[in-house]
Amino acid sequence: MTTNYPRYALWIVLGFALWLNYEAWVKDYAAVDAAATVAAAHAPVGGLAAEIPQSENGSAPAAASSPATATAAPASALSTAASVAAAPAVHVHTDVLDLDISLTGGTITQADLNAYTRIKGQALRVRLENHDSPETLYLLQVALTGPSGAARPNQLATFIADRTDFAMAPGQDELRVPLHWTDGHGVDVVKEFVFRRGSYAINVTQTVNNQSTMPWAVAPYAQILRDDPPTHSSIFNANPERFATRGPAIWDGTKYRKLKITDDDDRHLNIQVKDGWIAALQHHFVTAVVPPAGVDYRFTMNSRDTEYAMAASAALTDVPAGASKSYSLTLFVGPKLQSQLAVTGPELQRVTDFGHLFVIAQPLFKALSWAHMVTGNWGVAILLVTCLLKLIFYPLSEASGKSMAKMRALQPRIKNIQEQYKDDKEKLGRATMELYQREKVNPVSGCLPMLIQIPVFFAFYWVLVESVEMRQAPFALWLNDLSSPDPYYILPALMAGAMFLQQRMAPASPDPMQAKVMMFMPLAMSVLFAFLPSGLVLYYVTNTGLGVLQQWNINRRIQAAAARKS
């Protein structure tokens, strides 16, 4: 096995790349669940936009009311998302966000990220919440519901605002945007959005002022409504989202779960959670709802075809006559910045999907962040962390390299044994093992160090692909976006050259056919890596180059020691 372990490493990397392409194909072209398609065909006009989540203790949805009449409006009157989009809106501009909040329901109907462009060098910004078209509908709703038939300021209600434009002034650290609703019978509700400089977290407080003569039952909820059609792509294009997780996800208080809108159990989700959150994921960006700590909330999801509505609802509580009560939660609309996610909600940084290797990937990301803080360049940070990993694993690599060098030195003698016993496999195996014992070479000693390092290398892969900090980050010369493929394929060519040198330093394969296949491997790998983010290829080129230098040094020392013995 020692003779072949460098080849096994190449086969593992190749298999991993092919698996990624297969995963992308499954995401793009897997058939939509038949039940979901049938449900979509029989769905009412307006889809999920009109559905009001039930509260934690099962209260029925409440009808909407206008501030002028305070009477319940029929659900059909405001049942479509188009009515939300057509309603007057409040425009909010902060240093990092540019939003529209509809006065129907106080729904966030559009959210542009000021610091992130869709394509590097162009002006069009990344847009999360939007009502641009039914196929990409994406709404974020925070509201109050109550007993069946009662007028409450839910997502269908009409709010009023003091003005239509709110902007964070230079030097202003906080911006408050209040919306107002009244039932006309002594109950006033203020829904206030609080924005802070530099933050993508939005605090929302709904304050009920009950000046009526009766207790007023109410339950807070928040809902993410999204139509999320799949992004069709493959490994052979430059779409950075081809391997990214999309769709709903939750933290249920103990574990992170990605939900599938076509799965029967997930699309009928109904669980009680404390200290959790709900989120809608896409590559590098997220919308999340974080209920207050220590309060029981019910998480639910419903889906039809490619559309899903995910909600977090609390229990009904009474606001006594003559009293006031506030209900707060936090929203997050923006990039998956680890530093902000970690302080917004419990384990919210898990929306940066490092997969099953999260425990390994998190320290690697912190190391990258530290290196970037020192150097100010993410490309240089990748080089430094790659060198650091090589240094940490140096003893293991040294053991593998020595074993490989000794095997390489024995190749002429092994070849003689193969020629001598080519017709007797039993004698061939016995003579080969006697040679190993005589020269004190363990044929499997080089494999274990390689296997130990593989999870770290794969975790580093997910860090480089998933971290928004790497998005459109420049390195040097022609590499002006580490999240996109190398435009001139220079790095993949360097990688092919480094892999070829690495193969030349490895013991030759006794199987001629395998030897020919392995000669083709550097070319195949360079073609695959030509379509991966250049930051990832930079890592593999650096790691492979350091491996070549280390193996050259080991071979030189082994040959010198053999020369002294002779």
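Quantities reported herein were computed from a predicted structural model and do not represent experimental measurements.

Peer 1: How do you make sense of the overall build of the protein when you look at a structure like this?
Peer 2: From N to C terminus, the protein includes 13 helices and 22 strands. Here the protein holds 566 residues, and the buried ones make up 52% of them. Accessible surface, the protein as shown: approximately 24,800 Å² in total, 60% of it carbon and sulfur.

Peer 1: Teacher, can you tell me more about the environment of His284 here?
Peer 2: Within the element layout of this structure, His284 appears in the loop between β17 (277–282) and β18 (285–290). In this structure His284 comes out as buried when scored by relative accessible area, which is 3%. The residues touching His284, leaving out its near neighbours within four places in the chain, are Gly334, Pro335, Lys336, Val465, Glu466, Ser467, Val468 and Arg471. In terms of polar contacts, His284 uses its side chain to reach the side chain of His283, at 3.4 Å.

Peer 1: What am I meant to see in the pairing of strand β13 (residues 216–227) here?
Peer 2: Side chains on a regular strand alternate between the two faces of the sheet. Among the twelve residues in β13, twelve count as buried, and that is most of the element. Here β13 shows a buried face lined by Trp216, Val218, Pro220, Ala222, Ile224 and Arg226 and a second buried face lined by Ala217, Ala219, Tyr221, Gln223, Leu225 and Asp227. In this structure, β13 lies alongside strand β21 (residues 317–319), joined through three bridges in antiparallel fashion. Of the residues in β21, the one forming a bridge with Val218 is Thr317.

Peer 1: Quick question: what am I supposed to make of helix α6 (residues 358–375) here?
Peer 2: Given 3.6 residues per helical turn, the α-helix brings residues three or four places apart onto the same face. With 18 residues, α6 extends 25 Å from end C-alpha to end C-alpha; this agrees with the ideal 26 Å at 1.5 Å per step. Within α6 the residues assigned to the buried category are Phe358, Ala361, Gln362, Leu364, Phe365, Ala367, Leu368 and Ala371. Backbone geometry just downstream of α6 places Gly376 in the positive-phi region, at approximately 75 degrees.

Peer 1: What's the story with the packing of aromatic side chains in this structure? I'm lost.
Peer 2: Considering all chains together, one arrives at eight aromatic pairs under this definition. Note on Tyr256 and Trp277: the rings are 6.1 Å apart at their centroids and 45 degrees apart in plane angle, and the pair reads as tilted. With Tyr256 in strand β15 (residues 256–258) and Trp277 in strand β17, the pair connects residues that are 21 residues apart, well separated along the chain. Of the residues examined, Tyr256 reaches a relative accessible area of 18% and is grouped as buried. These aromatic residues form a ring-pair network of at least three members: Phe460, Tyr539 and Tyr540. Note that Arg226 overlies the ring of Tyr138, its terminal NZ or CZ placed 4.0 Å from the centroid. Above the plane of the ring of Phe358 lies Arg350, whose end atom (NZ or CZ) is 4.2 Å from the centre.

Peer 1: Looking at this model, I keep getting lost on a nonpolar patch on the surface. Mind explaining?
Peer 2: Judged by side-chain polarity, Leu388, Leu391, Ile392 and Tyr394 come together as a nonpolar surface patch covering roughly 390 Å² of accessible area. Per element, the largest residue contribution to the nonpolar patch is three residues, and it comes from helix α7 (residues 378–392). Mapped onto the fold, Leu391 is located in helix α7.

Peer 1: Could you clarify how one ought to interpret the pairing of strand β5 (residues 108–117) in this entry?
Peer 2: Across the ten residues of β5, eight count as buried, placing the element largely inside the fold. If you look at the hairpin formed by strand β4 (residues 97–102) and β5, you'll find five residues sitting between the two strands, and Gly105 has a positive phi there, around 80 degrees. Pairing of β5 with strand β6 (residues 125–127), which is carried by three bridges, proceeds in the antiparallel orientation. Within the sheet, the bridge partner assigned to Thr117 lies in β6 and is Arg125.

Peer 1: What am I meant to see in unusual backbone geometry here?
Peer 2: Excluding glycine, residues mostly have negative phi values, and the peptide bonds linking residues are mostly trans. One non-glycine residue, Gln472, lies in the positive phi region at around 60 degrees. Residue classification places Gln472 among the buried residues on the basis of a relative accessible area of 16%. A positive phi is found at Tyr489, a non-glycine position, where the angle reads about 60 degrees. Residue position: Tyr489 is located in the loop between α10 (447–466) and α11 (490–505). By relative accessible area, which is 44% here, Tyr489 ends up partly exposed.

Peer 1: Hey, could you run me through the packing of α6 against α7 in this one?
Peer 2: How two helices pack is summed up by the angle between their axes together with the distance between the axes. Two elements in contact, α6 and α7, have axes separated by 8 Å at closest approach and are oriented at 125 degrees. It follows from the interaxial angle that α6 and α7 lie oblique. You can see that α6 and α7 cross each other, and the crossing is right-handed. Residues Leu364, Ala367, Leu368, Ser369, Ala371, His372 and Thr375 of α6 lie in contact with α7, whose contacting residues are Trp378, Val380, Ala381, Ile382, Leu384, Val385 and Leu389. For the contact of α6 with α7, the per-class residue count stands at eleven nonpolar, three polar and no charged.

Peer 1: Sorry, what's going on with the side chain of Arg226 here?
Peer 2: Among the secondary structure elements, Arg226 is positioned in strand β13. Note on Arg226: relative accessible area 6%, which makes it buried. Within polar-contact distance, the side chain of Arg226 engages the side chain of Gln282 at 2.8 Å. In this structure, Arg226 is in contact with Leu137, Tyr138, Arg246, Ala280, Leu281, Gln282, Thr306, Glu307 and Tyr308, ignoring residues within four places of it in sequence.

Peer 1: Help me out: how do you make sense of the pattern of salt bridges in this one?
Peer 2: Side chains that differ in sign of charge can pair as their charged atoms come close. All chains considered together, the criterion is met by twelve salt bridges. A salt bridge links Arg350 to Glu347; the shortest N-O distance between them is 3.1 Å. Judged by its relative accessible area of 30%, Glu347 is partly exposed. What emerges from the salt-bridge pattern is a single network uniting Asp98, Asp112, Arg125 and Arg127.

Peer 1: Got a minute to help me understand the sheet that holds strand β8 (residues 160–161) in this structure?
Peer 2: Strands in a sheet are paired, the pairing made by backbone hydrogen bonds, and the direction either parallel or antiparallel. The strand order across the open sheet formed by nine strands is β8-β10-β11-β12-β22-β18-β17-β14-β15, and the pairing between neighbours is antiparallel. In this open sheet, the two strands that pair with only one neighbour each are β8 and β15. Here two bridges tie β8 to strand β10 (residues 174–182), and the two strands are oriented antiparallel to one another. Bridge pairing in β10 links Ala161 to Leu179.

Peer 1: Where do I start with the nonpolar core in this structure?
Peer 2: Soluble, globular proteins show a tendency: their nonpolar side chains are buried together. Judged by nonpolar contacts, the single largest core of 74 residues is most densely connected at Val92, Phe193, Phe195, Ile202 and Leu331. Residues in contact with Val92, not counting those within four places in the same chain, are Leu97, Asp98, Leu99, Ile101, Phe166, Leu175, Val177 and Phe195. Within the second largest apolar cluster, 43 residues are counted, among which are Leu368, Ala381, Val456 and Val465.

Peer 1: Which parts of the structure should I look at to understand the confidence of the model for the protein?
Peer 2: Parts of the model with low pLDDT should not have their predicted coordinates read in detail. This prediction gives the protein a mean pLDDT of 78; 73% of its residues lie at or above 70. For residues 60–79, every residue scores under 50 in pLDDT, and the model assigns this stretch 57 contacts once sequence neighbours within four places are set aside.

Criteria and thresholds
Residues numbered from 1 in each chain as written. Predicted model: local features only at pLDDT ≥ 70, side-chain atom pairs only at ≥ 80, totals over all residues. Heavy atoms only, no water. Helix = DSSP H or I, 4+ residues; strand = E, 2+ residues; numbered from the N terminus. Buried < 20%, exposed > 50% of the residue type's maximum accessible area, 1.4 Å probe, protein only. Areas by Shrake-Rupley, 256 points an atom, 1.4 Å probe, with all protein chains shown as cover. Contact = heavy atoms within 4.5 Å. Polar contact = N/O pair within 3.5 Å; in protein donor to acceptor, adjacent residues only side chain to side chain. Pairing = 2+ DSSP bridges. Expected span 1.5 Å × (residues − 1). Phe/Tyr/Trp six-rings, centres within 6.5 Å; stacked < 30°, edge-to-face > 60°. Lys NZ or Arg CZ within 6 Å of the ring centre and 35° of its normal. Patch = residues over 30% accessible without salt bridge, like charges linked within 9 Å, V, L, I, M, F, W, Y side chains within 5 Å. Salt bridge = Lys/Arg side-chain N within 4 Å of Asp/Glu carboxyl O. Axes fitted to C-alpha atoms, helices over the stretch in contact; angles between N-to-C directions. Parallel < 35°, antiparallel > 145°, perpendicular 65-115°, else oblique. Left-handed = near helix turned anticlockwise from the far one by under 90°. Nonpolar A, V, L, I, M, F, W, Y, C, P; charged D, E, K, R; others polar. Core = buried A, V, L, I, M, F, W, Y, C linked by side-chain atoms within 4.5 Å. pLDDT = per-residue confidence, 0-100.

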